[in-house]
Amino acid sequence: MTVFPDVVQAAGSVKPAAEPPVPAVEAPAADVPASGTEPRWLTDPEMRTWLNLAQVLILMPAALDRQLREDTGIPHAYYQILANLSAAQGHSMRMTDLARMVGTTTSRLSHAVASLEQRGWVQRQACPSDKRGQVACLTELGMDTLRAAAPGHVAEVRRLVFDNLTEDEVAQLREITAKVLPALSRDCRR
């Protein structure tokens, strides 16, 4: 993981960098054959924005995972599974749909759900509409576990994100992410 010196404070916490160093991104040398079309290189403001976003994408999951593991012993991936099941109709969801929602493969989800089953938090059932499919169902114990973990998780999300933004910035962030998500969703369905 690349962390720029002016982004990390001595205590190890991350602060937003107004101007992170921008690596030189130049066109290929003259002796490198051209592919026919010139890439659309990032401008300096785009590069600074991208580097900040990349750091958020790297550091946020680790921070949320650390908080959940320290406070509740639950990895963030398991919390996301429980949270998605709690929001689903009947607290259940097809495994393939759940894998898509939590951003993992069906194989990795199957391993995680097996661990959650051992803890009594989730049960797997045959899918009534597809004999090959399975449905993950949140149990009462799983719901209780989620309810116990949620306040600390929400406090950490608030501390890391929303306490640092004005109401207008929250609205801007929502609008920006709403514009980026469709392209990511299309790519994840491939």
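Read on for a plain summary of the structure.

Quick notes on the rules
Residues numbered from 1 in each chain as written. Predicted model: local features only at pLDDT ≥ 70, side-chain atom pairs only at ≥ 80, totals over all residues. Heavy atoms only, no water. Axes fitted to C-alpha atoms, helices over the stretch in contact; angles between N-to-C directions. Helix = DSSP H or I, 4+ residues; strand = E, 2+ residues; numbered from the N terminus. Left-handed = near helix turned anticlockwise from the far one by under 90°. Contact = heavy atoms within 4.5 Å. Parallel < 35°, antiparallel > 145°, perpendicular 65-115°, else oblique. Nonpolar A, V, L, I, M, F, W, Y, C, P; charged D, E, K, R; others polar. Buried < 20%, exposed > 50% of the residue type's maximum accessible area, 1.4 Å probe, protein only. Expected span 1.5 Å × (residues − 1). Bend = angle between axes of the 7 residues up to and from the residue.

The N-to-C vectors of helix α2 (residues 76–87) and helix α5 (residues 140–160) enclose an angle of 115°; their axes lie 10 Å apart at closest approach. You can see that α2 and α5 cross each other, and the crossing is left-handed. Contacts between α2 and α5 involve H76, Y79, Q80, L82, A83 and S86 from the former and G142, M143, T145, L146, A149, A150 and H153 from the latter.

Next up on the list: the packing of helix α3 (residues 95–102) against helix α4 (residues 106–118). Orientation of α3 relative to α4, taken along the N-to-C sense of each, is 100°, at an axis distance of 9 Å. Considering the angle they form, α3 stands roughly perpendicular to α4. Between α3, through M95, T96, L98, A99 and V102, and α4, the contact on the second element is made entirely by T106, L109, S110 and V113. Per-class residue counts for the contact of α3 with α4 are six nonpolar, three polar and no charged.

Examined against the element boundaries, R119 turns out to sit in the loop between α4 and β2 (122–127). The exposure class assigned to R119 is partly exposed, which follows from its relative accessible area of 34%. The sequence separation of R119 and G142 amounts to 23 residues, and the corresponding C-alpha distance is 8.4 Å. For R119, the contacting residues outside a window of four places in its chain are G73, Y78 and L141.

With 29 residues, helix α1 (residues 44–72) should reach 42 Å at 1.5 Å per residue; the first-to-last C-alpha distance of 42 Å fits that figure. Taking the largest bend as the criterion, α1 deviates by roughly 25°, centred on L59, and proline P61 comes between one and four positions later. Along α1, the residues that are buried comprise M47, R48, L51, A54, Q55, A63, L64, D65, Q67 and L68. On its buried face, α1 is in contact with α2 and α5. G73 lies just past α1 and shows a positive phi near 80°.

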